[in-house]
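# Structural overview
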Amino acid sequence: MLATRLDREQLELAQTVHRSAASLLDLLNDILDFSKMNAGKLEFANSDFRLREVIEDVLDILSSRALEKGLDIGYTIHPAVPEWLSGDQGRLRQVIMNLVGNAIKFSGSAPWPNGGDVRVRVERVGYTETESTIAVSVTDQGVGLDESVRQLLFQPFTQADSSNARRFGGTGLGLAISRQLVEAMSGEIGVNSEPGKGARFWFRIQLGNPAGTHPPPPGLSSWEILILDTPCSAETIRGILGPKCVMVQSVDDPEIESRSWDVAFVHAQADLAELRKRLRGTPIVLVFNKNESIGESTEIAVTRPVRAGRLVEALARIQAVGAAPAPASPPRTGGLAGHVLIAEDNPVNQMLAVKLVTNLGLTADVVSDGNAALAAARIKNYDLILMDCQMPGLDGYECTRVLREKPATIGTPIVAMTANAMKGDRDRCLAAGMTDYISKPVSSERLRELLARYLPAAEPL
Ligand code: MN
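Being a predicted model, the structure only gives us computed values, none of them experimental.

## Quick look at the overall build of the protein chain
The secondary structure content of the protein chain amounts to 14 helices and 17 strands. Relative to the compact-globule value of 23 Å for 461 residues, the protein chain shows a C-alpha radius of gyration of 24 Å, a close match. Dimensions of the protein chain, computed from the C-alpha atoms along their principal axes, are close to 70 × 60 × 55 Å. By residue count, 46% of the 461 residues in the protein chain fall in the buried class. Sequence separation of at least 24 residues holds for 63% of the intrachain contacts in the protein chain that already meet a minimum separation of 6. Total accessible area on the protein chain is roughly 23500 Å²; 53% of this is exposed by carbon and sulfur atoms. If the 48 positive side-chain charges of the protein chain are averaged to one point and the 56 negative ones to another, these points end up 1 Å apart.

## Focus on the domain arrangement of the protein chain
The domains assigned to the protein chain are domain 1 (21-208), domain 2 (225-321) and domain 3 (339-451). A separation of 32 Å is found between the C-alpha centroids of domain 1 and domain 3.

## Things to note about the sheet that holds strand β10 (residues 263-267)
Judged by pairing direction, the sheet is parallel, and its five strands sit side by side in the order β9-β8-β10-β11-β12 without closing on themselves. Every interior strand has two partners, whereas the edge strands, β9 (246-248) and β12 (300-303), have only one. Neighbour-to-neighbour, the strand axes of the sheet open up by a mean angle of 25 degrees, direction not taken into account. With four bridges joining them, strand β8 (residues 225-228) and β10 adopt parallel strand pairing. Its bridge partner being in β10, L228 is matched across the sheet by V266. Its contacts with the sheet put helix α7 (residues 231-241) on β8, β9, β10 and β11 (284-288), and the angle it makes with β8 is roughly 160 degrees. Its contacts with the sheet place helix α8 (residues 272-279) against β8, β10 and β11, and it is angled at close to 150 degrees to β11.

## A look at the coordination of the manganese ion
For the manganese ion, the full set of protein donor atoms is D345 (OD), D388 (OD) and Q390 (O), at a range of 2.1 to 2.2 Å. Site description for the manganese ion: donor spacing in sequence, D-x42-D-x1-Q. For D388, a relative accessible area of 3% gives the class buried. Note on Q390: relative accessible area 46%, which makes it partly exposed.

## A short note on the packing of aromatic side chains
What the rule picks out here adds up to one aromatic pair. Measuring from ring centre to ring centre gives 6.3 Å for F154 and F201, while their planes differ by 70 degrees; the resulting arrangement is edge-to-face. Of the two residues, F154 is situated in the loop between α4 (147-152) and α5 (162-168) and F201 in strand β7 (residues 199-208); the sequence distance between them amounts to 47 residues. F201 carries the same exposure label as F154, and that label is buried. In this structure, R428 is placed above the aromatic ring of Y397, and the distance from its NZ or CZ to the ring centre is 3.9 Å.

Quick notes on the rules
- Residues numbered from 1 in each chain as written.
- Predicted model: local features only at pLDDT ≥ 70, side-chain atom pairs only at ≥ 80, totals over all residues.
- Heavy atoms only, no water.
- Helix = DSSP H or I, 4+ residues; strand = E, 2+ residues; numbered from the N terminus.
- Rg over C-alpha atoms; globule rule 2.2 N^0.38 Å.
- Buried < 20%, exposed > 50% of the residue type's maximum accessible area, 1.4 Å probe, protein only.
- Contact = heavy atoms within 4.5 Å.
- Areas by Shrake-Rupley, 256 points an atom, 1.4 Å probe, with all protein chains shown as cover.
- Lys, Arg positive; Asp, Glu negative; His and termini not counted.
- Charge placed at Lys NZ, Arg CZ, Asp CG, Glu CD.
- Domains from an automatic or database assignment.
- Pairing = 2+ DSSP bridges.
- Axes fitted to C-alpha atoms, helices over the stretch in contact; angles between N-to-C directions.
- Donors = N, O, S within 2.8 Å, 3.2 Å for Na, K, Ca; no water.
- Phe/Tyr/Trp six-rings, centres within 6.5 Å; stacked < 30°, edge-to-face > 60°.
- Lys NZ or Arg CZ within 6 Å of the ring centre and 35° of its normal.

Here's what the structure looks like:
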C-alpha cells in the first residue's frame, strides 16, 4: 500500500499501521527469545566470522531510523582486534542491534547531522592462544540515565521509568535479553551514564580465534587520504582505511593544499566546485546519506554509514582509472528485469510477494506448493525462484533438492522465504541447495537489495 498513490492522510495512516506492525513483530520476537532462554532452549552456534561485517550490518539496518532522528552513526575497530573471530555471530549481532537500537531510540531528533552521534567502538582487552576478549561499547549523546534507573535496566519487563516507556515505547526486554546472551557467552554487560550526558553501554565477551586461516584485509597503508565529512563518519572512514588519513572540517582548511592526495572523501553538501579547484585533480569520493540526492555528480559515491567493502571498492575503481573522473555509480533505486516464480502456500504472503516483486518491475508466476513449483519450472524458465520453506505436500527444502537435480534449474537462484529465525535455519536452507535467504515478513527494501544480487537492472526507458 505504501508504494501506491495515497493522499497525505492515507499515507500517514498506512505508515502508522506499518510501524505498529513492525514494533509488534519486534515485541513478539523479544518475548519468544526470552521464553526460550528461560526454558534453557537457547543454543549457540560456532563459526568463523568478521566482527566488522556484523557491526556494519547492524548500522546498515538501523541507518534509516538514525537518519529520521538526525543521528550520524559509525564505528571504529581497534587494529589489535583480529579481523576474523569465531563464535555465534547471530547472537552477537542481536546484542549489538539491541544496544545500537536503544542508543538511537534515546537520542537525536534534530535535522541531520545535528541529532548527534551514535558510535560503536571495539577493542581487544585480552587474549590467549585460543581466545580473544573483545570489548564493545555503544555511546550516544541522548537523555542519559541516573543511578536508580541504571539498577533496573537489565531486568526484564522494567523500562527505565514509566514516563520513558510512554515516550519511547518498548518492553524493556531488549536489554534483559542482551544480558542473558552476553552472560551465556561468558561475558558481562553494563552501562555508564549521567542524566543529560548520554549513555555508554558496553559488553565484554570471549570469542575464539578463528579455526581456519583467512586472508588479511587489503593493504592501503601507502595511500594519502583526505577526509572532509561529519566527525562520526570521518572517524569511521579513518578507522577502516588507517590512521594516516587526514581529517579536515571545511573546504577552507589550509591542510587541503598542503600536499598531493591519492583520494579525497567528501560529504555531498560540500562546495565541490571550490574543492575541485583546491584539490587539483585529486579523485573525489562523495559520501552521502541514503535519502540524499547527489544529482548529476560524476564522482564515485559511497553511502553512509560507510562499509569497509564499499570503500575498498571505491579505491579500486580509482586505482583502475587513475586520476580520470570515474562514472557515477548508477542509482540503486531503479527496477529489475526478470521472470520470477513464487512458491508460497499462505494467501496473504502470496499477495504481498507478488506485489513486492511486480513493484520492482519483475514479472511473476505464483504456485502454492512444491509439486506445483516443479511443474511450473518444467514448463518455463525462471530467472529466480522465491521459495517458502513450509508448504503442504512437497516443502521448500525437498522441492529445492529436486530442482537442483534437473539441468534446467541446477543454477537458478533460489531464495528461501521463511518465518523461522531459529538457529541453523539459514544453514538448513543452504544445505538444501538454496542460494540465499530472506526472513518474513519480507520488506520491499530488503527484497530489492537481495534480488539485485541475482537479477539485472531494468533497461532504462
Ligand atoms: Mn508456508
